[in-house]
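Descriptive structure summary
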Amino acid sequence: MSIPAGDDIWKKVKLSISCAINKTFPFLHGLRDNEIISQEDFEKCEREANSNRGINEAIYNMLRGLEFNELTYRKLFCKENLDAYQDLQPIYKSLKNGKRVQKEKHQILDFQSDELNVSCGKAKGVLYKKKLAAGVSQKCIRDDGGNWYTPIEFERKGGRGSQKNWRKSIHCNRFQLKTLIEKGYLLNPPRSSPMKNKISRLCLRKKKVTEFSQLWSQAGLVGNASELTQFQLPGIPVQCGAVKGVLYKHRFVAGPLKKCIRMEERWCTAKEFVEINDKITNGSYNKDIHFNEGPLQNLIEDGTLKTHSNDCSCYNCKGIKWTENDDTCEVCKEDGFLMCCDSCPRSFHGVCHVPDASITKSKKWICTFCKIESQFSEKSSNQRDVLGYQMVPRHRLKCEFLLLKVCCQDARDFAKDPIKRIKEKLQKKLYQNVGDFIYDVQQTFSNFQITQDEKIREMIQKSQDEFEKNFKEVFSIK
């Protein structure tokens, strides 16, 4: 579905679209659920629709605040809306058969630029990468009038302040800044103000952490310590003999006796990391721990790694007690209130985990990844038999594991809504057998394979291949 030409077309069709809408559901709800409009705008439109103004004027006023892009176009004229509102169909056909322009092009070279054109709702501006890298409190976005804004201020200017998530609210072309950060086109800026301490089993965390396996692959791009400073990775792939891990700089500043190195199975201090290698006795962490064949001492001497003084009272040193769990959610890679697994280093937002763990009252909490370890069967099964399995608790757990694996992959950003629906069906026990669940997931992958964007297709295909591999493994399919 390609978008028709720009703002002139949008000005002409807003009135026609508003006149075609005779009820708020599913039109308004779909725009909110897909984050085209905020909850605040949704409630405002609902109030106006129920007032003397009427639904058509309320919809028109809401449309006036929308940014007309490919995503907005697709959600306005989605199948659900075309089925629910017959008068939308001729508008859609007119646009489809009328004048078209090429889709917005998202070249990697554009993202490599030091300046990016960004938008948030009605607000437009230019983001300066180097200023953003200095911190969230830096005024790094300039509008056409020469006014400067922090990301949070720009989010408010665009009318999305209630969402309180500038990484998702602000877009470069049709990509969220969150996606550009994850892909390495933008540095994830440090916070300027401390957060609160750990509250019960829910932890407030600080930095975005790049996945363990990703950092090791990135290490292949980094030749020496000077290049590391250039890339400014949040974590440094390190090893001591055959033992491998990732050292996180924001934890290391509190001292090498703090748990600052993430191994696949746990967090450890620099000293503990050296002691794991039984071939080293009386070792020194700064000499025995290496990065790209150079000792850690080199990174300390050139300032890449820093430790604060013993009497330092900054947030990293005194503001938080670094635990044996990750600082960000395993699924969305964001910080916030996190559930800490008691069996592994992973942490999750309750709503990101599968099943939802936000209402758990247990003092000891185990994530689905850890629960599944005891569920693998040595007896091989036939795939046709597996698809017919009734959705008993042990099979539901395996399906939750499979969906959680999908949620931890990049494809989740493009299949957010269908994944959410599948998660809800699992939680409400609406699936009668394993085959129904597998069909829904595979259908989700198939629906997104028709996109024109080659990179998205590759991403979806990679997630689908991984899903099928995990499916056969967890159900021991021969």
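So, here is what we can say about the structure in this document. Quantities reported herein were computed from a predicted structural model and do not represent experimental measurements.

Some words on the nonpolar core
If you look at the biggest cluster of nonpolar residues, it comprises 44 residues, and the most contacted ones within it are Leu 402, Phe 437 and Phe 475. When residues of this core are traced back to their parent elements, those giving at least two are β14 (337-340), α20 (368-371), α22 (393-407), α23 (416-427), α24 (434-448) and α25 (454-474). Sort the elements by how many residues they give to this core and α22 lands first, with eight residues. Ranked by size, the runner-up nonpolar core spans 27 residues in total, among them Val 13, Ile 21, Cys 45 and Leu 82.

Considering the pairing of strand β9 (residues 243-248)
Among the six residues of β9, five are classified as buried, and the element is accordingly described as predominantly covered. Looking at chain direction, strand β8 (residues 235-240) and β9 are connected through six bridges and run antiparallel. Opposite Gln 239, over in β9, you have Lys 244 as the bridge partner. The hairpin turn running from β8 into β9, its antiparallel successor, is two residues long, and Gly 241 in that turn takes a positive phi close to 65°.

A closer look at unusual backbone geometry
Across the junction of Phe 25 and Pro 26, the peptide omega takes the value 10°, indicating a cis bond. Position of Pro 26 among the secondary structure elements: in the loop between α1 (6-20) and α2 (27-33). Even without being glycine, Lys 333 reaches a positive phi, approximately 65°. Along the chain, Lys 333 turns up in the loop between α19 (315-319) and β14.

Quick look at the packing of aromatic side chains
Evaluated as defined, the whole model comprises 14 aromatic pairs. Both rings, one in Tyr 431 and one in Phe 437, keep their centres 5.8 Å apart while their planes meet at 85°; by these two values the pair is edge-to-face. Of the residues examined, Phe 437 reaches a relative accessible area of 0% and is grouped as buried. An aromatic cluster is built from Phe 348, Trp 365, Phe 369 and Phe 401, whose rings are joined through pairwise contacts. The ring of Phe 42 is capped by Arg 32, whose NZ or CZ atom sits 4.2 Å from the centre of that ring. Here Lys 131 stacks its cationic end above the ring of Trp 148, 5.2 Å away from the centre of that ring.

A short note on the packing of helix α3 (residues 39-49) against helix α4 (residues 55-64)
Interaxial distance between α3 and α4 falls to 7 Å at its minimum, and their mutual angle equals 155°. The orientation of α3 relative to α4 falls into the category roughly antiparallel. Judged by the sense of rotation from one axis to the other, the crossing of α3 with α4 is right-handed. The segment α3 lies against α4, with Cys 45, Glu 48 and Ala 49 engaging Ile 55, Ala 58, Ile 59, Asn 61 and Met 62. Its residues placed into classes, the contact of α3 with α4 shows six nonpolar, one polar and one charged.

Thresholds applied
Residues numbered from 1 in each chain as written. Predicted model: local features only at pLDDT ≥ 70, side-chain atom pairs only at ≥ 80, totals over all residues. Heavy atoms only, no water. Core = buried A, V, L, I, M, F, W, Y, C linked by side-chain atoms within 4.5 Å. Buried < 20%, exposed > 50% of the residue type's maximum accessible area, 1.4 Å probe, protein only. Helix = DSSP H or I, 4+ residues; strand = E, 2+ residues; numbered from the N terminus. Pairing = 2+ DSSP bridges. Phe/Tyr/Trp six-rings, centres within 6.5 Å; stacked < 30°, edge-to-face > 60°. Lys NZ or Arg CZ within 6 Å of the ring centre and 35° of its normal. Axes fitted to C-alpha atoms, helices over the stretch in contact; angles between N-to-C directions. Parallel < 35°, antiparallel > 145°, perpendicular 65-115°, else oblique. Left-handed = near helix turned anticlockwise from the far one by under 90°. Contact = heavy atoms within 4.5 Å. Nonpolar A, V, L, I, M, F, W, Y, C, P; charged D, E, K, R; others polar.

Keep in mind these values describe shape, not function.
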